[in-house]
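In case you want the letters, here they are:
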Amino acid sequence: MWVRNPPSEKRVMLVVGIIVLCLVVAFVEHYIGWPDWAQRERVPRLPR
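Rules behind the numbers
Residues numbered from 1 in each chain as written. Predicted model: local features only at pLDDT ≥ 70, side-chain atom pairs only at ≥ 80, totals over all residues. Heavy atoms only, no water. Helix = DSSP H or I, 4+ residues; strand = E, 2+ residues; numbered from the N terminus. Lys, Arg positive; Asp, Glu negative; His and termini not counted. Charge placed at Lys NZ, Arg CZ, Asp CG, Glu CD. Patch = residues over 30% accessible without salt bridge, like charges linked within 9 Å, V, L, I, M, F, W, Y side chains within 5 Å. Areas by Shrake-Rupley, 256 points an atom, 1.4 Å probe, with all protein chains shown as cover. Salt bridge = Lys/Arg side-chain N within 4 Å of Asp/Glu carboxyl O. Buried < 20%, exposed > 50% of the residue type's maximum accessible area, 1.4 Å probe, protein only.

Enquirer: Even after reading the chapter, I still don't get the overall build of the protein chain, so can you show me in this structure?
Expert: When helices and strands are counted, the protein chain shows one helix and zero strands. Seen through its C-alpha atoms, the protein chain measures out along the principal axes to roughly 60 × 30 × 15 Å. Within the protein chain, the 4 negative side-chain charges are centred at a point lying 15 Å from the centre of the 7 positive side-chain charges.

Enquirer: I keep staring at a nonpolar patch on the surface and nothing clicks. Help me out?
Expert: Taken together, the side chains of V12, V16, V20 and V24 present a nonpolar region at the surface, about 290 Å² in accessible area. In this structure, V16 sits in helix α1 (residues 9-32). The class for V16 is partly exposed, based on a relative accessible area of 41%.

Enquirer: I would appreciate a short explanation of the environment of Y31 in the present structure.
Expert: Positionally, Y31 belongs in helix α1. Put simply, Y31 and G17 are 14 residues apart on the chain and 21 Å apart in space, counted from C-alpha to C-alpha.

Below, the structure is given as structure tokens:
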């Protein structure tokens, strides 16, 4: 189907950009770690 109607160049670049962004986030998370301001804090549970 893509041979007959290939995606536009903009769509291909969008998909490539998203993949690169995901790889950068995974690299930062695995090798460098997140700064303190970017980490979630665990919210304590309220007593019932």
